[in-house]
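Structural overview
Each chain, letter by letter, is given below.
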Amino acid sequence: MSTSTLSTARPRAAVLRTEVRLFRREPGGIFWILMFPTLLLVILGSIPAFRESDKSLGGLRLVDLYVPVVVLVAMITAGVQSMPQALTGYRERGILRRMSTTPVRPSSLLSAQMLVHGLAVLVSTLLALAVGRLVFDVRLPEQLAGYVLALVLAVLAAIALGSVVSAVSRTTKIAGAIGSAVYFPMMFCAGVWLPVQSMPHTLARVVELTPFGAAARALGQAASGDWPGWGHLGVLAAWTVLLSALAARWFRWE
Amino acid sequence: MCRTGSGRDPRAMTTHPVIEVSGPRKSYGGRAVVDGVTFAVEEGEIFGILGPNGAGKTTTVECVEGLRTPDEGRVRVAGLDPVADHEQVSRVLGAQLQQSELQAKITVREALELYASFYPHPADWRPLAEHLDITGQLTARFGKLSGGQKQRLFIALALIGNPRVVVLDELTTGLDPRARRDTWRLIEDVRGNGVTVLLVTHFMEEAQRLCDRIAVIDKGRIAALDTPAGLIRRASGSTVISFTPSAPLDEDELQALPALASVAHKDGRITLAGTDETVNAVISLLARQHITAHQLRVTDATLDDAFLDLTEASA
Ligand SMILES: Nc1ncnc2c1ncn2[C@@H]1O[C@H](COP(=O)(O)OP(=O)(O)O)[C@@H](O)[C@H]1O
Ligand SMILES: [Mg+2]
């Protein structure tokens, strides 16, 4: 490690530690990202019809399909609702500017926010998997490596999408409006109202081209023991690259 | 306060002024907001930038901080370019911005520790917090602090890297008079520790009390650069004479007084601005005409008067 990476590692770690602490002080973020997805799973799973095995779903129950769906709910909430509020707030209130006068680049604040939201999604995922397993007897992902890969790609796509929302929103108000506008279509694609596996064929084909439609399919496949389709993983990676490029191009520091 | 003295470059201490601003220009939408401001600040000085709102003060000092890039002209801090050598400059320059905040839920202590971790040789934040009288707020969140406490925290953050130079932009705006006076004492202490201070203000009293030299900026240009006393002397009406005459005075004779800058009548009271020469002339005029001057007052003009004079002259 060169001396310059050494000298920036300590402040970067300090910024991350601070952002983790601050995230833990936000009851809204804790509830909507960490608790709500699992709560949704519990509510849906307590409907008897959701626990009946369905032949058209290859013998799976709806509650089995909903575990990946609520994981995506956590991701979408973190990416397009929570993170853009934080980032645009930091810009609007001059926090990034204040940091620009120190030897540490304000970009370390942005990357810390991304990491914090990514970690929150991970915790939320573990919670949903655990409750699914313990309460509804949902089997843990059988193709674990594939599941982790799909999960990581999906989190990256969610953060890239959130970065675009932050980049195009001049204020937290605008970020809130754009975030909500993006939120519901993304939730639909993730299969909150109707899992992608149960959508009519043509609709499903289209939805699978969106980041969270593809993520839903990839996570579903890995959960039931298959390697996630490369097509779905490719769609996720392509969205991540495209959205990151747009965010980097459009982001303004002031 | 707690300077370690390390991290200083002895070369820059002796030969060059610590801040050099040579004619930067900055335009927004085709309008020049800063138009060729030139000054140099010596090590250990408190240098003031004074001017009306919108004069270009913040734009000027933000070029010094490297937050803005001038369209042309040269700015150096400790011999370094604040934009190109941003990282090095930010190690020797502490800034308090006119408008900035911290995360609403960060505590004072966390903010101090976080910002201390950014610097290679930070000050110990404990004595700093004590000196700034924020030890009682260490566990309070930024969003819950009063305006004065926020300002004091920002001063602490500006000093936490053990800088050679601090830039303070409208530090006392929004503070009550008492907090303002406390802050002034603090700035004097900071300078007492050998730190150079670049102070932006629009309070005359503040500039007059604190600054060794002042650049008066108006419409993006320097209208005058001098010591506070020099600026006052330079203004055309540096002495003010006021009295209530026992009988009316002839207006033509008043106007003919030497070195007269202005005459004002109000409720039978006459106020003249001029120099010592004007004072002598008006006294002999009154004596010649056997007029008594009731409540005669002779006062020195303040920086306020000088400022109005200087910024009006360039209007
Ligand atoms: N980023 C900017 N974009 C457009 N105009 C600006 C910008 N920054 C400053 N100005 C304009 O430049 C002028 C000087 O601003 P500023 O340097 O903040 O003045 P001061 O600090 O003396 O009050 C103001 O008229 C302000 O509106
Ligand atoms: Mg200003």
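For the structure itself, look to the data block above.
Quick look at the structure, then. (Residues numbered from 1 in each chain as written. Chains lettered and ligands numbered in written order. Predicted model: local features only at pLDDT ≥ 70, side-chain atom pairs only at ≥ 80, totals over all residues. Heavy atoms only, no water.)

**Let's talk about the overall build of chain B**
Within chain B, the regular secondary structure consists of 12 helices and 14 strands. Expressed as lengths along the three principal axes of its C-alpha atoms, the size of chain B is roughly 75 × 45 × 40 Å. Looking at the 315 residues of chain B, the share that counts as buried comes to 50%. Partitioning the intrachain contacts of chain B with sequence separation of at least 6 by distance along the chain shows that 68% fall at a separation of at least 24. Only carbon and sulfur atoms are counted for the fraction: they give 48% of the accessible area of chain B, which is about 13,900 Å². Charge-centre separation for chain B: the mean point of 34 positive side chains lies 6 Å from the mean point of 42 negative side chains. (Helix = DSSP H or I, 4+ residues; strand = E, 2+ residues; numbered from the N terminus. Buried < 20%, exposed > 50% of the residue type's maximum accessible area, 1.4 Å probe, protein only. Contact = heavy atoms within 4.5 Å. Areas by Shrake-Rupley, 256 points an atom, 1.4 Å probe, with all protein chains shown as cover. Lys, Arg positive; Asp, Glu negative; His and termini not counted. Charge placed at Lys NZ, Arg CZ, Asp CG, Glu CD.)

**A short note on the interface of chain B and chain A**
Contact residues are listed per partner, giving 29 residues for chain B and 26 residues for chain A. By the criterion of area lost to chain A, the three top residues of chain B are Gln103, Lys105 and Phe118 of chain B, representing 25% of everything that side buries. There are five salt bridges connecting chain B and chain A. Between Arg97 of chain A and Glu62 of chain B there is a salt bridge, with the nearest N and O atoms lying 2.6 Å from each other. At the surface where chain B touches chain A, the tally comes to 12 residue pairs in polar contact (both at pLDDT 80 or more). (Buried area = accessible area lost by both parts, 1.4 Å probe. Salt bridge = Lys/Arg side-chain N within 4 Å of Asp/Glu carboxyl O. Polar contact = N/O pair within 3.5 Å; in protein donor to acceptor, adjacent residues only side chain to side chain.)

**Here's the deal with the nonpolar core**
Leu72, Met75 and Phe212 of chain A together with Leu102, Leu112, Leu153 and Leu303 of chain B are the most contacted members of the largest nonpolar core, which totals 130 residues. Look past the residues within four positions of Leu112 of chain B in its chain and what remains in contact with it is Trp125, Ala129, Leu138, Leu153, Ala156, Leu157 and Ile160 of chain B. (Core = buried A, V, L, I, M, F, W, Y, C linked by side-chain atoms within 4.5 Å.)

**Some remarks on the coordination of the magnesium ion (ligand 2)**
All names here are of chain B. Protein coordination of the magnesium ion (ligand 2) is provided by Thr58 (OG1) and Gln98 (OE1), with donor distances spanning 2.0 to 2.2 Å. Separated by 40 residues along the polypeptide, Thr58 in helix H2 (residues 57-64) and Gln98 in the loop between strand E6 (93-96) and helix H4 (108-116) bring together distant segments of the chain. Residue classification places Gln98 among the partly exposed positions, given a relative accessible area of 37%. (Donors = N, O, S within 2.8 Å, 3.2 Å for Na, K, Ca; no water.)

**Structural notes on the pairing of strand E3 (residues 38-41) of chain B**
Residues and elements named next belong to chain B. In E3, alternate side chains face the same way, and those of Phe39 and Val41 are buried while those of Thr38 and Ala40 on the opposite face are not. With four bridges joining them, strand E1 (residues 19-28) and E3 adopt antiparallel strand pairing. What sits directly across from Ser22, in E3, is Thr38. (Pairing = 2+ DSSP bridges.)

**Observations concerning the packing of aromatic side chains**
A complete count under the given rule lists 10 aromatic pairs over all chains for this structure. Here the aromatic rings of Phe31 of chain A and Phe36 of chain A are separated by 6.3 Å at their centres, their planes lie at 50°, and the arrangement is tilted. Residue class for Phe31 of chain A comes out partly exposed when judged on its relative accessible area of 32%. Considering the side-chain rings of Tyr183 of chain A and Phe184 of chain A, the 5.2 Å spacing of their centres and the 85° angle between planes classify their relative orientation as edge-to-face. On the basis of relative accessibility, which here comes to 48%, the residue Phe184 of chain A falls in the partly exposed class. A connected cluster of aromatic rings, assembled from ring pairs, spans Phe31, Trp32 and Phe36 of chain A. Positioned above the aromatic ring of Phe251 of chain A is the side chain of Arg91 of chain A, whose terminal nitrogen or guanidinium carbon lies 5.0 Å from the ring centre. Over the ring of Phe203 of chain B we find Arg180 of chain B, and its NZ or CZ is 4.0 Å from the ring centre. (Phe/Tyr/Trp six-rings, centres within 6.5 Å; stacked < 30°, edge-to-face > 60°. Lys NZ or Arg CZ within 6 Å of the ring centre and 35° of its normal.)

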